[in-house]
Structure formats: C-alpha cells, structure tokens
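Residue-level listing of the chains:
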Amino acid sequence: MGTEINRDKIETLYETKFLKCYDLRYAPGKHYFEASRREIKDLVAKKTDGEFREMLPDAVTIAVVLHLPGNDTRLLMSYEYRYPVGRFLLSPVAGLLDPEDRNDPDPLVSAAVREIHEETGLTVKDSDRVFVLNPCAFSSPGMTDESNAFLCAEITLDSLEDLNQNGAVGTEMFDGFEMLNREQAQEIYRTGRDRHGNCYSLAAWAVLGIFLSLF
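Below you will find a few notes about this structure. (Residues numbered from 1 in each chain as written. Predicted model: local features only at pLDDT ≥ 70, side-chain atom pairs only at ≥ 80, totals over all residues. Heavy atoms only, no water.)

Note: strand 2 (residues 20-27) against strand 3 (residues 30-36), seven bridges, orientation antiparallel. Pairing of Y22 across the sheet is with E34, part of strand 3. Where strand 2 hands over to strand 3, the hairpin turn is made up of two residues, of which G29 adopts a positive phi near 75 degrees. (Pairing = 2+ DSSP bridges. Helix = DSSP H or I, 4+ residues; strand = E, 2+ residues; numbered from the N terminus.)

Take a look at the structure:
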C-alpha cells in the first residue's frame, strides 16, 4: 500500500477567505488534514516535481540590517501582536507576497522592499542591498504547506528619523522596535527569550542566526 497522496482525491473540508482545510487522501480510508492559504488548484501537494522546484513561497521574512553612523551595525526587529498566542512577540519584518510582487521580475525582492517600507517606514535605496538567502522554506509541513523565503536587507542610514510603524495594514499591530547589536542578538539567540523573558517565533530565531552568521 503506497503512502503518497492521491492528487485527484483532495477534498475541501473548510473554506474561508484567508484559510482553507483540505483532506489529503494517501490510501483507501486514510486521511491527512492540511491547513493552507492556497486555493485547491494551487496546493503544493498537487504540483509536479518541476512545478514544486520552481514555486514561489507564500511570504517573505527579512533580516533587516542597519548600517548607522559610527560604524554601528544593528539588526532591526519589532514587537508585533501575534493573534494565535495573544501577545506581542519579537518579530522580523515579514509579509505575504502580493499579486503585483508575483508579476515582478524579482518577486521576492519586490515583496521584501514593500514590506520593509510598510513595517518600518524605511525606503530601500539603490545603494542598499537586498538579497535572497533561502528561496522557499516550509513553516510546518506536518500541518500546512505555507512557506517563506528568507532574505537579508542591508540599509545604510544617516539618521533614524524615518523609522516608524505607521504603515500597519489589516490586522497588523506593532509595539515598538528593537535595534540589536551583536551581543544583544547573541543573548536572545542563545537563551531563546527576548529582553522581557518571552519566547518568540522560529522565523525570529532564523533571522537572529542570519545576523550573527553574516555580520
């Protein structure tokens, strides 16, 4: 008896505008349930091997590194309200790909530049550097096919006057920034807790690791 899903036997169990639940049948009488943002026609489980390798992720997560006067390099993170855990968590800049991003010649960078501006007020200049580190990493493939690309943005600033959180959209809520030096990032990475003693997301842990490994 095989264990691969039958791509013709995927059933929609629950559907809203933002989230769906599917039944992935992998053997007669055997079911596996998946939560996804995707429409049934675009589920990752339905893709061919070629389509799978070329797919765009659902979202981007960005390690925003600021180069400040005085040779001061900082990792910019924020406190964003995360509804499933009911509190503000230390978070990287991140967001879903918009349709216009998907039509851009460089969709991941396009999404990253837009999200940086929305969540920090900063405008990425031609002299700044935005680059992809991981084009598509699955968040929790035992539960969902949601995926993130991880990018790094190096932004040089003369001042912090443009830094703000006024661009929150939809359900987004923010409660200030953290600008971490290497020692502060190391402590948060090592202990798994922010300066308030709170834990944080796996994406935040990855971004801290990116900063510590590259800068």
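Don't stop here, the text continues.
Once that is clear, we can look at the packing of helix 4 (residues 182-191) against helix 5 (residues 202-214). It is the contact of helix 4 with helix 5, at a shortest axis distance of 10 Å, that shows an interaxial angle of 140 degrees. Accordingly, the angle class assigned to the pair helix 4 and helix 5 is oblique. For the pair helix 4 and helix 5, the sense of crossing is left-handed. The segment helix 4 lies against helix 5, with R182, A185, Q186, I188 and Y189 engaging W205, L208, G209, F211 and L212. A class-by-class count of the residues in the contact of helix 4 with helix 5 yields seven nonpolar, two polar and one charged. (Axes fitted to C-alpha atoms, helices over the stretch in contact; angles between N-to-C directions. Parallel < 35°, antiparallel > 145°, perpendicular 65-115°, else oblique. Left-handed = near helix turned anticlockwise from the far one by under 90°. Contact = heavy atoms within 4.5 Å. Nonpolar A, V, L, I, M, F, W, Y, C, P; charged D, E, K, R; others polar.)

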